[in-house]
Amino acid sequence: MITVYSIFLTITVYIFSRKFGQRYSSPLTSPVFLSTLIIIVLLVGSHISYHEYSPAKKFLTYLLGPATVALAVPIYKNRTLLAQYLAAACVGLLIGTITTILSALIIAKCFFFSKMLLLPLTIKSVTVPVATEVGKIIKGNVSLIAAFVIITGMIGAMFGPRLMNLFKIDHPFARGLSIGTIAHGIGTAEAIREGEIQGAVAGAAMGIAALLISFVIPYIIPILL
Amino acid sequence: MKKVLIFSFQLATLIVIYQMGSLLVRFFHLQVPGNVIGILILLILLWTRVIKVEQIDLAATWLLKHLSFFFIPIAVGLMTLGPMFLNKGILILIVLIISAFIGLISAGKATQSIIMKKEKVKVNYHDHSV
C-alpha cells in the first residue's frame, strides 16, 4: 500500500514540478531539485521512512538503465558534429574534470575534511551507477558518494545554464560538454531541455568522463589524498 | 493503438540492449558499468545499420525527455543523510558548489575557445581563397 502511494506520489509530484518549472523558470524549479524536496517533505509528513520508500524506488528507476542506453541515439544523430569538434571536446573534458576535482580537494583540505569525506569528492562528477562502482574499488562510503554525486548534478542543472550565460559560454557544443562533464546525468537531462545538440554532447561527455575517471582515479588516489 | 505497440517494441529493444550490457560486464568482470557498455552496443548497432534510427527513435526520445524523472527516487535517498549534513553540511555544500562552478566555467571556456579558434582559421582560409 505504501509502495503504491509512493509511486503515485512520485509521478504526480514530477508532473507538477515539470509544469511549474516551465511556467516559472528559476534554479529552484529545476525538476529534480523541486520534486525531491517536495517528496521528502511529503514522506516525512506522512511518516514514511526511506526504507519503506525503497520498493517504489526500485520500480520507478527500472527504466534508468534503458534510458541511459537511449543516449546513443542523439550521439549517433550528431556524430558528424562530435567528430568535427573532437579535439575541443577532449581538451574541455580533461580541463573540466581536473579543475573540478583539484579545486574540491584543495578547499576540502582547507576545511580539514576527513578522508571519508575527501574520497567521494574525487568521483562526484561521475554518473551515479559508475560512481557507486568506482566507489567500491576505492573503498569509499557508497551512500555518501551517491549523495555528493546527486548534489553535484543538481548544482549543475540548477545553476549551470545561468553561470554559462554569465561567462558568455554560448556555443551549444561547449554548453553541452561542460554540463555533461561536471553534472553527469542530471545535468544531461537539463541540457536535453535546452536543445538537441546540447543534450547529445552532454550525454557523450558524461559517458567519456565516466570511462576516463573510472579507469584513472583508482590509480591516482594515493597521490591525491 | 499501433503507435502503442511500436513504442512498446522499441522500449523492449532498449531494455534488452541494457541487459546485454550488464551481462557482458558481469561475464568479463569489466570495471565499467553496464549502461555505458549498453550505449556502445546501441551505437555499434546504429552504425552498422542493424537498427535504423527510426526503429528506436520514438521510445528513445520519450525516455530522454523524462530522464530527470529517474533521478528523483535516487535523490530522495538524501533524506537519510540528515544527521551528517547538520554536522558539516554547509562546508560540504560550499566545496561542492565552488568546485562545480570552477569545473563548469573552465570546461565551457576551454571548449568554446578551441572551437572559436578553429572556426576563425576556417574563416581566414576563406578570406585568402577569395
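Everything quoted here is computed from the prediction, not taken from an experiment. (Residues numbered from 1 in each chain as written. Chains lettered and ligands numbered in written order. Predicted model: local features only at pLDDT ≥ 70, side-chain atom pairs only at ≥ 80, totals over all residues.)

1. Considerations on the overall build of chain B
Item 1. Looking only at helices and strands, chain B has 5 helices and 0 strands in total.
Item 2. Counting from the amino terminus, chain B carries its helices and strands in the arrangement α-α-α-α-α.
Item 3. Expected size for 130 residues packed as a compact globule is a radius of gyration near 14 Å; at 22 Å, chain B overshoots this value by more than 25%.
Item 4. Structurally, chain B occupies a C-alpha span of about 60 × 55 × 40 Å along its principal axes.
Item 5. For chain B, long-range pairs separated by at least 24 residues make up 41% of all intrachain contacts whose partners lie at least 6 apart in sequence. (Helix = DSSP H or I, 4+ residues; strand = E, 2+ residues; numbered from the N terminus. Rg over C-alpha atoms; globule rule 2.2 N^0.38 Å. Contact = placed C-beta atoms within 7 Å.)

2. Things to note about unusual backbone geometry
Residue and element names in this part refer to chain A.
Item 1. Positive phi values are uncommon outside glycine, yet Lys-139 reaches one of about 60°.
Item 2. Turning to its location among the elements, Lys-139 is positioned in the loop between helix H9 (128-137) and helix H10 (142-166).
Item 3. Note on Lys-139: 9 C-beta atoms within 10 Å, which makes it exposed. (Buried ≥ 20, exposed ≤ 12 C-beta atoms within 10 Å, placed from the backbone.)

3. Quick word on the interface of chain B and chain A
Often, the extent of an interface is quoted as the loss of accessible area upon association of its parts.
Item 1. Across the boundary between the two partners, chain B contributes 60 residues, which contact 87 residues of chain A.
Item 2. Only helix H1 (2-28), helix H2 (34-47), helix H3 (57-65), helix H4 (67-75) and helix H5 (82-129) of chain B provide two or more residues apiece to the side of chain B that touches chain A.
Item 3. Considering every element that reaches the side of chain B that touches chain A, the biggest residue donor is H5 of chain B, with 22 residues.
Item 4. For the side of chain B that touches chain A, a count of residues per class yields 42 nonpolar, 14 polar and 4 charged. (Nonpolar A, V, L, I, M, F, W, Y, C, P; charged D, E, K, R; others polar.)

4. What about the domain arrangement of chain A?
Residues and elements named next belong to chain A.
Item 1. Splitting chain A by domain gives domain 1 (1-62) and domain 2 (70-225).
Item 2. Each partner contributes to the interface: domain 1 provides 4 residues, whereas domain 2 provides 7 residues.
Item 3. Its residues assigned to classes, the side of domain 1 that touches domain 2 shows 3 nonpolar, 1 polar and no charged. (Domains from an automatic or database assignment.)

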